[in-house]
Each structure stands twice: as C-alpha cells, then as structure tokens.
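Coordinate inspection notes
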Amino acid sequence: MQRVSRIPTKKAKYANKFGMLILEDGTIFEGMGFGYSTVAFGEAVFNTGMTGYIEALTDPSYSGQILTLTYPLVGNYGVPNPTEKDADGIRKNLESEMIQVRGLVVHELSLTASHWNMTMTLDEWLYNEKIPGISGIDTRELTIKLRTSGVMMAALVVSDTPINVSEVKKKLESAKKYNDEEFMNTVSIKEPQTFGTESESIVVIDTGVKNSILRNVRNLGYKVIKVPWNYSLEKILSYNPKGVIFSNGPGDPIKCAETMKTAKQAIEKNIPTLGICLGAQILGLAGGASTYKLKYGHRGQNKSCINLDNNHVYVTSQNHGYCIDPDSLKNTDFKLWFTNTDDKTVEGIKHKKNKIIAVQFHPEASPGPFDCMFIFEELKKLIGEDNAKR
C-alpha cells in the first residue's frame with residue numbers, strides 16, 4: 001500500500017477585523033479587514049487574472065497601488081516559502097523580495113488554505129509584511145467604477161477598533177498622488193548584482209524588474225548583471241554585455257530621465273536591446289515618441305495582441321497604466337510591432353534600422369500564458385546578428 005502524505009491545511013489568523021476602502025470620489029466600501037492593521041494610501045487598480053496572486057502582489061510594477069483582484073475567491077492555495085531561492089540565488093516563488101502593493105482588495109478571502117507547497121496563509125503573509133487587506137466587498141461594482149471613472153486614489157483601512165471615516169478622508173485628501181510619486185529609489189537596487197558565471201552576459205536595468213525576467217535571461221544561457229535604474233551607459237558597457245534589457249516597473253516613465261538618457265545612447269550605439277513594459281515606454285521616449293496615461297490600464301493574464309509582422313494573435317500577461325502614443329511614432333525611427341486587439345494601443349515597437357525591440361506586455365508571464373516567451377529568443381537573435389558583424 002502506497003502512503004500518501006497529507007496536504008498542508010491552515011486557517012486564517014489575521015482576519016475578522018474592521019475594514020474599509022474609501023475612494024477619493026467619496027465612495028465607501030465596508031468589509032472584513034485582514035492582514036496588518038493600518039491605513040494605506042495608493043492608486044486603486046484592478047487585475048482580471050484568475051490566479052497568481054503571489055506573483056501579482058510581489059510585482060514591483062504595483063508599487064504605490066492598492067490592488068483589486070476581480071476573481072471572486074482568493075487565498076485558497078495559501079503562500080509558498082517566500083525566502084526560498086533557486087540555484088542562482090533568485091527568489092523562487094516571488095517576483096521581488098517583498099510584497100509591493102500597498103493594499104489588497106478581494107471579494108472573498110478563503111479562511112482555509114490548502115496546498116502541497118504552502119507554508120502560510122495569505123492573511124498571515126500580509127500581516128508579516130505589514131500590508132492591509134479587505135474582503136467581503138462587491139469587487140464587480142468597484143471594477144465598473146474604476147473602468148467608468150478611471151483609476152483614482154484610495155485609502156484602505158484595517159483596524160482592530162471601529163474606523164473614524166472623517167479622519168481617514170482628511171488624510172486621503174492630503175495624501176501624495178500616485179502620478180507625483182518617485183518610485184525608482186524604492187524599487188531599484190542600489191548596487192549591481194550578478195546571477196550566473198557564464199562568460200557572456202546581459203545587463204538588466206532595474207526599474208522594478210520581475211524575477212521571472214532574470215530567470216528567462218538565465219535560461220537563454222547568459223549571466224545576468226542587474227544594475228540600478230540610473231546607471232550610465234559607460235558603466236554598463238564596462239561589463240562588456242552582449243545585450244541590454246530595460247525592465248518593467250511602476251509610475252510615469254517621464255520620471256526616469258536618467259534611464260531615458262541611457263536608452264537614447266543605447267539606441268545610438270545600436271546595442272542589442274529589449275524593453276519590457278516600463279522599459280518599452282522609456283525606449284519609446286528616448287527615440288522621440290510620447291506617452292500618456294490610460295484610463296484604467298491593462299492588468300491581467302488574458303490580453304490579446306496582434307503581431308503585425310505575421311498577423312498572429314498572442315495572449316499576453318500585462319500590468320501597466322501608461323502607454324506609447326501611436327501617432328507620435330510617425331516622427332521616430334520606431335515602427336509598430338504589436339497592437340492590442342481591444343483598444344488598438346501600442347503593445348510593441350521595433351527600431352527600423354537598429355537592434356532595438358520593445359514590448360508593452362510581459363513575455364515572461366508569471367503568472368500567465370507562455371505565448372510570447374519567444375521575445376527573449378528575439379533578443380538572442382539580435383545578439384547573434386551583432387556577433388556575426390564583429
């Protein structure tokens with residue numbers, strides 16, 4: 001008889017608190033608070049993914065935001081070991097070193113979690129990292145409001161005692177707006193980090209990079225050298241990299257002036273380069289295009305995009321609130337590569353002459369579809385073309 005080990009099961013410990021979400025337009029949602037008891041201010045956004053709350057919560061692109069998950073039941077599979085690392089020393093189960101969202105909004109928190117790889121419940125994880133969460137509100141109503149009115153600032157309150165609404169509203173009025181925040185000194189590393197020992201390397205400029213991007217570069221066979229967001233091209237080239245990646249990240253790309261300067265020089269020097277999400281916007285700006293803020297952004301795992309090179313549709317994972325203006329590309333050396341099937345926004349650009357490509361979606365997924373993993377192979381092809389000319 002084969003013995004089957006019991007699947008771990010844990011119950012919520014930090015739930016059944018007072019909870020309230022207050023939007024800047026005055027709308028109030030009351031529910032059950034869970035996680036850490038505190039008041040958090042941030043931009044209220046929503047994600048339409050059906051799974052992957054662990055990856056979403058640790059994605060640095062969500063820094064400064066209060067995240068609403070539209071899938072109704074969250075937390076049923078708990079949280080794996082947050083500190084576990086792979087052979088390269090990269091966090092194995094998370095997209096960064098910690099939870100990045102300022103607060104979490106769900107329709108129903110599963111008060112019992114069970115999974116073979118679980119070490120803690122979702123509410124326990126949030127409590128440990130001092131993040132508030134709220135459950136028991138109509139996330140459909142909230143999502144419709146954000147789609148109709150656009151994303152807006154909000155206050156998420158979790159308390160062990162009744163909440164003083166007027167006091168929180170006053171604090172929300174004076175809270176710093178998302179568009180005005182400076183995120184790079186928070187999400188980017190201070191000193192370079194190296195993963196792997198191969199002779200050939202790719203430099204990843206960290207404007208809030210996801211660990212899955214690092215893992216995919218490692219899978220290509222390159223050593224990863226992760227550098228701060230404001231690293232000069234001169235310092236980057238001192239590593240003699242085969243290519244450069246401008247990563248994803250939070251906030252308005254206009255605020256990344258130093259990264260844009262590096263991107264402009266990379267374009268001029270024709271260095272094999274890939275931009276992802278925020279990195280795509282930075283490359284677009286560096287090449288003379290302009291960007292704008294979307295009404296409610298693209299956040300989910302089922303966003304379809306058309307590759308204009310072959311007219312194929314790919315399902316992509318996305319998380320962004322800003323976008324490249326397609327009309328502004330006319331005055332640049334970039335051409336459209338991918339467009340969104342729903343709203344026709346820019347999802348990818350290619351340089352007409354140089355080895356520069358960029359995508360607005362996340363080719364590394366995590367979580368999400370694997371349709372666009374080939375984007376990393378496209379960078380490798382550009383590197384191969386560059387090597388052939390030397």
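All residue numbers refer to position in the chain's written sequence, counted from 1. With pLDDT at 70 or above as the cut-off, local features in this predicted model cover only qualifying residues; side-chain atom pairs require 80 or more to be listed or tallied, and sums for whole chains, interfaces and linings still use all residues. To obtain the side-chain values, all non-hydrogen atoms of the structure were used and water was disregarded.

1. As for the state of the cysteines
By convention in this document, the label disulfide applies to cysteine sulfur atom pairs within 2.5 Å. What the rule picks out here adds up to zero disulfides. The closest cysteine sulfur to the non-disulfide-bonded C323 is located on C277, 9.7 Å from its own sulfur. C372 forms no disulfide, and the closest cysteine sulfur to it belongs to C305, at a distance of 6.9 Å.

2. Topic: the pattern of salt bridges
Counted as salt bridges are all cases of a side-chain nitrogen of Lys or Arg within 4 Å of a carboxyl oxygen of Asp or Glu. Applying the stated criterion across every chain yields a total of 18 salt bridges. Salt-bridge contacts for E43 lead to K293; the nearest nitrogen and oxygen are separated by 2.5 Å. Of this pair, E43 sits in strand β4 (residues 38-47) while K293 sits in strand β17 (residues 291-307), placing them 250 residues apart in sequence. K381 is the partner of E378 in a salt bridge, and the nearest nitrogen-oxygen pair spans 3.4 Å. Placement of both E378 and K381 in helix α10 (residues 374-389) is noted, with a separation of three residues, approximately one turn of the helix. Here the salt bridges share partners, and the residues they tie into one network are D88, E198 and R218. Only DSSP runs of H or I covering at least 4 residues are called helices, and only runs of E covering at least 2 are called strands; the numbering of each starts at the N terminus.

3. Observations concerning the environment of C305
Mapped onto the elements of the fold, C305 is located in strand β17. Accessibility here uses a 1.4 Å probe with only protein chains present; expressed as a share of the type maximum, an area under 20% marks a residue as buried, one over 50% as exposed, and anything in between as partly exposed. For C305, a relative accessible area of 0% translates into the label buried.

4. Looking at a nonpolar patch on the surface
Like charges within 9 Å and nonpolar side chains (Val, Leu, Ile, Met, Phe, Trp, Tyr) within 5 Å are joined into patches, using only residues over 30% in relative accessible area that form no salt bridge. Only the protein chains shown count as covering a residue, and every accessible area follows the Shrake-Rupley method with a 1.4 Å probe. A surface patch of nonpolar side chains, about 290 Å² in accessible area, is lined by M50, Y71 and L73. Within the secondary structure, M50 sits in the loop between β4 and α1 (53-57).

5. What about the environment of G35?
Tracing the backbone through its elements, the reader meets G35 in strand β3 (residues 28-35). A relative accessible area of 0% places G35 in the buried class. Sequence-distant contacts of G35, defined by excluding residues within four places in its chain, comprise Y14, K17, D123, L126, Y127 and I131. Contacts are residue-level and defined by heavy atoms, with any inter-residue pair within 4.5 Å sufficient.

6. Some remarks on the sheet that holds strand β10 (residues 132-135)
Ordered by their spatial adjacency, seven strands build a closed barrel running β2-β3-β10-β7-β5-β4-β11, and the pairing between neighbours is mixed. In this sheet, neighbouring strand axes are inclined to one another by 35° on average, regardless of whether the strands run parallel or antiparallel. As a rule, the C-alpha atoms of each element are fitted with a line to give its axis, helices using only the stretch in contact, and angles between N-to-C directions run from 0 to 180 degrees. Where helix α3 (residues 139-149) meets the sheet, it contacts β2 (17-23), β3, β4, β5 (65-69), β7 (103-105) and β11 (152-159), and its direction lies at approximately 75° from that of β4. Helix-sheet contacts for helix α4 (residues 165-174) involve β2, β3, β4 and β11, and the interaxial angle to β2 is about 45°. Strands were regarded as paired on the criterion that DSSP finds at least two bridges between them.

7. A word on the packing of aromatic side chains
Aromatic contacts are taken between Phe, Tyr and Trp rings whose centres are within 6.5 Å, Trp giving its six-membered ring; a plane angle under 30 degrees counts as stacked, one over 60 as edge-to-face, and the others as tilted. Enumeration according to the criterion identifies nine aromatic pairs in this entry. With centroids separated by 5.0 Å and ring planes inclined at 85°, the aromatic side chains of F338 and F361 adopt a geometry described as edge-to-face. One end of the pair, F338, is in strand β19 (residues 334-340); the other, F361, is in the loop between β21 (356-359) and α10, with 23 residues separating them in the sequence. Classification of F338 as buried rests on a relative accessible area of 0%.

8. A look at the side chain of R299
By the element assignment, R299 lies in strand β17. Buried charge without a partner: R299 forms no salt bridge, and the closest opposite charge is E43, 4.5 Å away. Within the structure, the side chain of R299 is placed 3.5 Å from the side chain of N319, a separation counted as a polar contact. Only four residue types enter the charge count: Lys and Arg as positive, Asp and Glu as negative, with His and the chain ends excluded. The definition of a polar contact used here is a pair of N or O atoms within 3.5 Å, where within protein one atom must be able to donate a hydrogen and the other to accept one, and adjacent residues in sequence count solely through side-chain atom pairs.

On their own, these measurements won't tell you what the molecule is for.
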